[in-house]
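Here is what each chain is made of, one letter per residue.
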Amino acid sequence: MSPTPPDSTTGAGDTDDDGPDALTLLGELAQLPEDSPRRAELREQLVHQHMPLVVYLAKRFAGRSEPLNDLIQVGSIGLLKAIDRFDPERKLEFSTYATPTILGEIKRHFRDTGWLIHVPRRAQEMQTSLNTARADLSQELGRPPTVAEIAQRLDADEDAVVEALDAARAYSGVPLEILTPPGESAPDHPALGVVDEGFEQAEQRALLRDVIAELPETEREVLLLRFVANKTQTEIAGLIGVSQMQVSRLVARGLKRMRSRLDEQDAPPG
């Protein structure tokens with residue numbers, strides 16, 4: 001059901017604040033210099049008088065993706081712009097002048113915030129004419145039109161048409177339920193991305209590589225055979241020609257050196 005327009009004695013959609021009081025305030029505002037402290041007081045009075053108009057216009061967009069309070073705030077910005085730009089010498093009723101400005105601000109808000117991702121403004125603005133051209137050409141040709149045919153109908157560059165077609169896909173997203181395996185429900189706070197443990201392992205390998213390079217050659221060789229090549233101590237002893245006990249000591253000594261070096265790197269500078 002459409003909202004009821006504000007009560008009026010001066011015309012459809014006008015408020016009764018459009019009488020001499022509002023016009024007097026607007027006339028005084030127009031005469032004041034930009035740095036006058038009186039301007040803020042007058043603007044506040046005018047905003048208060050015409051807020052019913054903003055609310056009425058904002059309610060025309062109720063039920064969409066934006067809360068009504070947000071739309072009223074956006075419409076208030078349009079009202080302020082209309083107040084600052086209004087020329088009393090043109091003898092127009094202020095509400096008649098302000099309505100397109102308020103509506104334009106609300107529509108611009110939907111255009112700028114309604115897209116799932118940011119797309120170029122030119123691609124957004126082409127959507128209406130693009131959809132009309134596609135519908136008309138589909139009826140005329142009996143098939144979906146090509147990019148070249150759409151570009152010719154719009155008198156636009158083909159690259160601009162392709163950009164607008166791609167942008168149309170960015171207006172809405174895919175429901176999370178589609179990404180959920182069959183038989184499972186989507187979590188309340190789904191995490192579409194996961195932490196790849198490989199990144200941490202790569203960082204650890206890079207850190208250890210420098211520390212291992214500082215070890216004595218024998219300890220380094222034993223540690224690489226033990227923990228990289230996965231050789232047993234007995235196998236290592238046979239490979240390098242020492243006893244298993246000596247291998248055990250070399251492993252323990254090498255690990256101790258590495259821990260000490262890593263602790264030094266982690267210690268805060270002092």
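In this report, the structure presented in the accompanying data block is examined. (Residues numbered from 1 in each chain as written. Predicted model: local features only at pLDDT ≥ 70, side-chain atom pairs only at ≥ 80, totals over all residues. Heavy atoms only, no water.)

1. Focus: the overall build of the protein
Right, on to step 1. The helix and strand tally for the protein stands at 12 helices and 0 strands.
Right, on to step 2. Taken from N to C terminus, the helices and strands of the protein fall in the order α-α-α-α-α-α-α-α-α-α-α-α.
Right, on to step 3. Put simply, of all contacts in the protein between residues at least 6 apart along the chain, 57% involve residues at least 24 apart.
Right, on to step 4. Accessible surface computed for the protein: about 18200 Å², of which carbon and sulfur atoms make up 52%. (Helix = DSSP H or I, 4+ residues; strand = E, 2+ residues; numbered from the N terminus. Contact = heavy atoms within 4.5 Å. Areas by Shrake-Rupley, 256 points an atom, 1.4 Å probe, with all protein chains shown as cover.)

2. Describing the packing of aromatic side chains
Right, on to step 1. Tallied over the full model, the rule gives 2 aromatic pairs.
Right, on to step 2. Measuring from centroid to centroid gives 5.3 Å for Phe-86 and Phe-94, while their planes differ by 90°, and the two rings are edge-to-face.
Right, on to step 3. Ring centres 5.5 Å apart and planes at 65° place the aromatic pair Phe-86 and Tyr-97 in the edge-to-face group. Of this pair, Phe-86 sits in the loop between helix H3 (68-85) and helix H4 (94-113) while Tyr-97 sits in helix H4, and the two are 11 residues apart along the sequence.
Right, on to step 4. Taken together, the aromatic side chains of Phe-86, Phe-94 and Tyr-97 make up a single cluster linked through ring pairs. (Phe/Tyr/Trp six-rings, centres within 6.5 Å; stacked < 30°, edge-to-face > 60°.)

3. Quick look at the packing of helix H10 (residues 217-228) against helix H11 (residues 233-240)
Right, on to step 1. Contact geometry for H10 and H11: axes closest at 10 Å, N-to-C directions at 140°. Between H10 and H11, the angle falls in the class oblique. Here H10 and H11 pass one another in a crossing that is right-handed. Only Gln-233, Ile-236, Leu-239 and Ile-240 of H11 make contact with H10, whose side of the interface consists of Glu-221, Val-222, Leu-225 and Arg-226.
Right, on to step 2. Its residues placed into classes, the contact of H10 with H11 shows 5 nonpolar, 1 polar and 2 charged. (Axes fitted to C-alpha atoms, helices over the stretch in contact; angles between N-to-C directions. Parallel < 35°, antiparallel > 145°, perpendicular 65-115°, else oblique. Left-handed = near helix turned anticlockwise from the far one by under 90°. Nonpolar A, V, L, I, M, F, W, Y, C, P; charged D, E, K, R; others polar.)

4. Things to note about H10
Right, on to step 1. Its 12 residues give H10 an end-to-end C-alpha distance of 16 Å, which sits within 8% of 16 Å, the value for a rise of 1.5 Å per residue.
Right, on to step 2. Restricting attention to buried positions, one finds in H10 the residues Glu-219, Val-222, Leu-223 and Leu-225. Projected onto a plane normal to the axis of H10, the buried residues spread over an arc of 165° and lie on a single side. Those residues of H10 that are exposed and angled more than 90 degrees off the buried face are Glu-217 and Val-228.
Right, on to step 3. Of the residues trailing H10, Asn-230 is marked for its positive phi of about 60°. (Expected span 1.5 Å × (residues − 1). Buried < 20%, exposed > 50% of the residue type's maximum accessible area, 1.4 Å probe, protein only. Arc of directions from axis to C-beta.)

5. What about the pattern of salt bridges?
Side chains bearing opposite charge may pair, as long as their charged atoms lie close to each other.
Right, on to step 1. Inspection of the entire model under this criterion finds 9 salt bridges.
Right, on to step 2. With a shortest N-O distance of 2.9 Å, Glu-28 and Arg-38 are connected by a salt bridge. In this pair, Glu-28 sits in helix H1 (residues 20-31) while Arg-38 sits in helix H2 (residues 38-59), placing the two residues 10 residues apart along the sequence.
Right, on to step 3. Taking relative accessible area as the criterion, Glu-28 reaches 31% and is therefore assigned partly exposed.
Right, on to step 4. Of the charged contacts, one joins Lys-81 and Glu-105 as a salt bridge, the two residues approaching to 3.0 Å between their closest N and O atoms. A residue pair is termed long-range when its members are at least 10 positions apart, and Lys-81 in helix H3 and Glu-105 in helix H4 qualify at 24 residues. (Salt bridge = Lys/Arg side-chain N within 4 Å of Asp/Glu carboxyl O.)

6. So, the nonpolar core
Right, on to step 1. Formed by 26 residues in total, the largest nonpolar core has its most connected members in Leu-46, Leu-79, Ile-83, Phe-94, Ile-102 and Ile-106.
Right, on to step 2. Counting residues per element, the ones that place at least two in this core are H1, H2, H3 and H4.
Right, on to step 3. Of all the elements, H2 adds the most residues to this core, at 8 residues.
Right, on to step 4. Apart from the residues lying within four places of it in its own chain, the contact partners of Ile-83 are Leu-26, Leu-29, Arg-43, Leu-46, Val-47 and Phe-94.
Right, on to step 5. Core analysis: the next-biggest nonpolar cluster, separate from the first, contains 12 residues, Val-211, Leu-215, Val-247 and Val-251 among them. (Core = buried A, V, L, I, M, F, W, Y, C linked by side-chain atoms within 4.5 Å.)

7. Describing a nonpolar patch on the surface
Right, on to step 1. Nonpolar side chains collect at one region of the surface, where Leu-224, Phe-227 and Val-228 lie side by side and expose about 290 Å² of accessible area between them.
Right, on to step 2. Tracing the backbone shows Val-228 in helix H10.
Right, on to step 3. The class for Val-228 is exposed, based on a relative accessible area of 60%. (Patch = residues over 30% accessible without salt bridge, like charges linked within 9 Å, V, L, I, M, F, W, Y side chains within 5 Å.)

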